[in-house]
2 protein chains.
Amino acid sequence: MDYEEIMKQNGLKRTKNRFRILKILDIGDIPLSAGSIYNCLKEEEIEVSLSTVYRTLEKLSEMNIIRKLTFNGDNSTFFESIKKGHRHYLICLKCRSITVLNKCPIKGYQEDIEKETSYIIEGHKLDMYGYCPKCKDK
Amino acid sequence: MDYEEIMKQNGLKRTKNRFRILKILDIGDIPLSAGSIYNCLKEEEIEVSLSTVYRTLEKLSEMNIIRKLTFNGDNSTFFESIKKGHRHYLICLKCRSITVLNKCPIKGYQEDIEKETSYIIEGHKLDMYGYCPKCKDK
DNA sequence: CTACATGCAAACCGTTTGCACCCTA
DNA sequence: TAGGGTGCAAACGGTTTGCATGTAG
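A. Representation of the pairing of strand 3 (residues 78–81) of chain B. Residue and element names in this part refer to chain B. Neither face of strand 3 is left uncovered, since the one carrying F78 and E80 and the one carrying F79 and S81 both have all their residues buried. As defined by bridge partners, strand 1 (residues 32–33) adjoins strand 3 across two bridges and the pair is classed as antiparallel. Among the inter-strand pairings, S33 is bridged to a residue of strand 3, identified as F78. Alignment of strand 2 (residues 66–69) against strand 3, held across four bridges, turns out to be antiparallel. Across the sheet, residue K68 finds its bridge partner in strand 3, namely F79.

Rendered as structure tokens:
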């Protein structure tokens, strides 16, 4: 089901702003903060207010079209399209750059924890922290 | 090496406030926010300002006596003693309670990523998200 | 035409900082 | 008694919200 469908079903209007924000999140390969999405739009000479960006991101999160992420050491929230699938991240402790990791080593762990704790596990988040090739030598 | 030694070596004074905060972090078994530490102190009828709590936590983090943690969906930072060792967490998406998981499924993954990406990996963070036994039925 | 979307400015809230005073070593 | 520690209030920065206006359906 595509974005238009999902929006229609949830009674959301399909506005230019929403599609622009979705496009930015679809094209980029790393999670973006509200502020950097806002800056992308500005660079494209598109006028949107920051609050619209936040409100849009909130709506899209509620509709499970995008997901919110936070990382240790960052004071802002990041967003990425659900289409990116299940992934992990490698954060540089110096320059804060984000690298995507597609390999997931968890597998059976989730089921183990579910049995042990009687929780219903919805998902997990695994981030690696270290120094990227550019920063590690300095 | 104990806390006193570490503080002495870093030229930090050993004040009552610092030991009180360390004690709270040592006793508790789950990560705490600055605000909840502040409240603990209040309950013990100890007068400390919130900014002292923050400054202390910052110092202790720099000295690697405690570590900072952030979780998806929380807007505050959590702290725990390094003495707790390497652990993972299970966060309830409804009541936001935190459960500690001692099993770590990562092992070889870290080395694999190090080779693949040429990063120096310092550590990783794995959190599970789901619904706790109390919340899952509601 | 109606309900949702948006811009703007103000409010929010966790966190940080400047400054004067206090206390440990 | 010197230099770090602390309280208080103000500043900060990311995020949210109230309100009046704009626009999709």
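B. Main features of the pattern of salt bridges. Counted by the stated rule, this structure contains 14 salt bridges over all chains. A salt bridge links A:D127 to A:K125; the nearest nitrogen and oxygen atoms lie 2.6 Å apart. What makes A:D127 buried here is its relative accessible area of 0%. Residue A:K125 is classed as buried on the basis of its relative accessible area, which comes to 6%. The residue B:E80 makes a salt bridge to B:R87 at a minimum N-O spacing of 2.6 Å. Three or more residues are tied together by salt bridges with common partners; here these are A:R67, A:E80 and A:R87.

C. Up close: the protein's contact with DNA strand D. Near DNA strand D, the surroundings consist of 21 residues, among which A:Y54, B:K13, B:R18, B:S49 and B:T52 are the closest. For DNA strand D, a phosphate oxygen lies 3.0 Å from a polar atom in the side chain of B:T15. One of the backbone N or O atoms of B:E47 is found 3.2 Å from a phosphate oxygen in DNA strand D. Mapped onto the surface near DNA strand D, the elements with two or more residues apiece are helix 4 (50–62) of chain A together with helix 2 (16–27) and helix 4 (50–62) of chain B.

The rules we used
- Residues numbered from 1 in each chain as written.
- Chains lettered and ligands numbered in written order.
- Predicted model: local features only at pLDDT ≥ 70, side-chain atom pairs only at ≥ 80, totals over all residues.
- Heavy atoms only, no water.
- Buried < 20%, exposed > 50% of the residue type's maximum accessible area, 1.4 Å probe, protein only.
- Helix = DSSP H or I, 4+ residues; strand = E, 2+ residues; numbered from the N terminus.
- Pairing = 2+ DSSP bridges.
- Salt bridge = Lys/Arg side-chain N within 4 Å of Asp/Glu carboxyl O.
- Near = heavy atom within 4 Å.
- Polar contact = N/O pair within 3.5 Å; in protein donor to acceptor, adjacent residues only side chain to side chain.

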